[in-house]
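Structural overview for review
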Protein chains: 2
Amino acid sequence: MGHRERKKLEAWRTIRSTALRLISERGYDAVSVEDIAKEAGVSRTTFFSYFPSKEAVAFEFDPQELQQWRALVDAEASDQPLWEALTDLFLDITELLPEWLPVQKRLLVEHPGLIQSARGTCDSFAPDLRAWIARRLPDGDDLRTTLLLNVSMAAFITAVEAWDPDDSVDTLRDTVRTCLRWAGAGLAQPVG
Amino acid sequence: MGHRERKKLEAWRTIRSTALRLISERGYDAVSVEDIAKEAGVSRTTFFSYFPSKEAVAFEFDPQELQQWRALVDAEASDQPLWEALTDLFLDITELLPEWLPVQKRLLVEHPGLIQSARGTCDSFAPDLRAWIARRLPDGDDLRTTLLLNVSMAAFITAVEAWDPDDSVDTLRDTVRTCLRWAGAGLAQPVG
DNA sequence: TAAATACTTGTACTCAGTTCAGGTTTCGGC
DNA sequence: GCCGAAACCTGAACTGAGTACAAGTATTTA
């Protein structure tokens with residue numbers, strides 16, 4: 001990892017942590033992009049070269065962690081059934097972001113309007129997941145692929161929504177497992 | 001329906017149709033709120049008293065149609081199993097918005113960034129649907145209720161995403177039925 | 001060391017969204 | 001029909017997000 005790349009990641013993390021700290025302290029609306037940039041020792045222009053929007057800075061994935069997760073997806077070659085393997089990939093995601101997750105969740109609780117952009121976070125890993133599902137499904141059934149992707153994400157998001165950030169991340173993982181299991185078993189059935 | 005209420009609905013519809021027309025003609029980014037307001041014969045301030053944002057004007061439900069759908073939900077008392085009844089409620093939604101749906105879908109195809117706010121449209125009926133589900137589920141199982149809501153919406157959205165706006169709305173309905181059936185049967189199972 | 005390339009910065013701009021004070025329209029009671 | 005209250009519309013002025021760009025600085029490669 002060259003000097004340049006290292007500095008870039010460092011800057012990314014400085015901006016993100018500064019942003020989440022300020023927002024936790026003062027609330028989302030009371031913090032401007034200019035505040036964040038100034039506090040992170042960077043210009044407003046540079047802020048927008050790292051993050052496409054103010055909302056993104058709160059929810060986007062750490063580039064390195066995302067890369068690690070992508071490697072896991074590519075390497076996934078277990079003999080588990082599709083849905084179980086998919087569940088594990090979502091559990092992997094929760095492993096990658098234990099640091100900021102409680103802060104982000106608290107932010108969401110206080111500011112429900114941000115849920116939309118929090119969901120947008122999924123866009124960063126959805127394409128990889130979609131390709132992975134398509135690979136494991138018989139010949140190009142696009143509708144089924146998209147449905148598996150969207151429904152599994154919905155189950156995942158449901159678990160995150162239901163999770164109390166004051167509880168441990170393990171609690172979240174249990175809920176993720178439950179939601180994915182229920183969705184996999186079929187929601188038309190009574191609880192089983 | 002008093003004079004006041006009627007005028008308000010009329011203004012709402014004028015603004016919406018003007019907005020969708022201009023956006024179809026020139027593209028989303030090339031139309032400003034000021035353009036829409038001017039063309040609709042109303043002030044910018046008034047625009048924002050009808051719609052919370054520029055994105056909302058393209059996707060929000062017609063208040064009257066939403067009210068009609070709510071009446072359907074409240075009246076729903078068939079002896080169908082939960083998941084079938086839920087499917088019908090989603091099909092009812094597609095019945096309410098045949099007029100603008102193709103335009104909206106074309107807008108989404110050309111401008112994928114708007115998908116987030118299109119999903120936000122669901123927020124207008126989600127609470128009603130949630131209450132309906134909770135009523136039909138054994139004692140306050142919040143997690144299960146939310147999961148049913150989120151997964152059924154995900155299946156619905158999948159169908160809309162997969163739908164080609166040049167096809168008939170009946171095609172969309174078929175896809176909605178398919179997606180809901182698959183999700184209800186359990187996605188861990190092979191296609192059935 | 002020098003040229004090419006990537007990154008940062010300040011400036012200036014557009015436009016979404018909010019606030020507010022004042023004017024206009026509609027409504028209910030008489 | 002008349003009048004006061006309430007709802008509604010409007011223009012003006014403001015904040016702050018996001019973009020474009022030209023000039024400067026650091027990094028890489030040869």
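Data block above holds the structure.
Residues numbered from 1 in each chain as written. Chains lettered and ligands numbered in written order. Predicted model: local features only at pLDDT ≥ 70, side-chain atom pairs only at ≥ 80, totals over all residues. Heavy atoms only, no water.

Some words on the interface of chain A and chain B
Listed as interface residues are 31 residues of chain A and, on the opposing side, 31 residues of chain B. Between chain A and chain B lies a buried interface of about 2,700 Å² when both sides are counted; carbon and sulfur atoms form 65% of it. For the pair chain A and chain B, the number of links is zero salt bridges. In this structure, the connection of chain A to chain B is made through 10 residue pairs in polar contact (both at pLDDT 80 or more). Looking at which element gives the most residues to the side of chain A that touches chain B, the answer is helix H10 (residues 142-162) of chain A, with 12 residues. (Contact = heavy atoms within 4.5 Å. Buried area = accessible area lost by both parts, 1.4 Å probe. Salt bridge = Lys/Arg side-chain N within 4 Å of Asp/Glu carboxyl O. Polar contact = N/O pair within 3.5 Å; in protein donor to acceptor, adjacent residues only side chain to side chain. Helix = DSSP H or I, 4+ residues; strand = E, 2+ residues; numbered from the N terminus.)

Structural notes on the packing of aromatic side chains
Pairs of aromatic rings are described using the distance from one ring centre to the other and the angle between the two planes. Enumeration according to the criterion identifies 14 aromatic pairs over all chains in this entry. When the centroid spacing of 5.5 Å and the interplanar angle of 70° are considered together, the rings of Trp69(B) and Phe125(B) count as edge-to-face. One end of the pair, Trp69(B), is in helix H5 (residues 63-75); the other, Phe125(B), is in the loop between helix H8 (115-120) and helix H9 (126-136), with 56 residues separating them in the sequence. In this structure, Trp69(B) and Phe125(B) share a single accessibility class: buried. The side chain of Lys54(A) reaches across the aromatic face of Tyr28(A), ending 4.2 Å from its centre. (Phe/Tyr/Trp six-rings, centres within 6.5 Å; stacked < 30°, edge-to-face > 60°. Buried < 20%, exposed > 50% of the residue type's maximum accessible area, 1.4 Å probe, protein only. Lys NZ or Arg CZ within 6 Å of the ring centre and 35° of its normal.)

Digging into the protein's contact with DNA strand D
Near DNA strand D lie 18 residues; those nearest to it are Arg44(A), Lys54(A), Ser43(B), Thr46(B) and Tyr50(B). Near-protein atoms of DNA strand D (within 4 Å) split between backbone and bases, with sugar and phosphate holding 60%. Contact between DNA strand D and Arg44(A): a base oxygen at 2.7 Å from a side-chain N or O atom of the residue. Contacts to DNA strand D include Arg4(B), whose side-chain N or O atom sits 3.3 Å from a base nitrogen. (Near = heavy atom within 4 Å.)

What about helix H5 (residues 63-75) of chain A?
Residues and elements named next belong to chain A. Across its 13 residues, H5 extends 18 Å between first and last C-alpha, which sits within 8% of the 18 Å expected from 1.5 Å per residue. Turning to H5, its buried residues number three or more, namely Leu66, Trp69 and Val73. End-on, the buried residues of H5 take up no more than an arc of 65°, which puts them together on one face. Of the exposed residues in H5, those oriented more than 90 degrees away from the buried face are Gln67, Asp74 and Ala75. In this structure, the buried residues of H5 make contact with helix H6 (82-96) and helix H9 (126-136). (Expected span 1.5 Å × (residues − 1). Arc of directions from axis to C-beta.)

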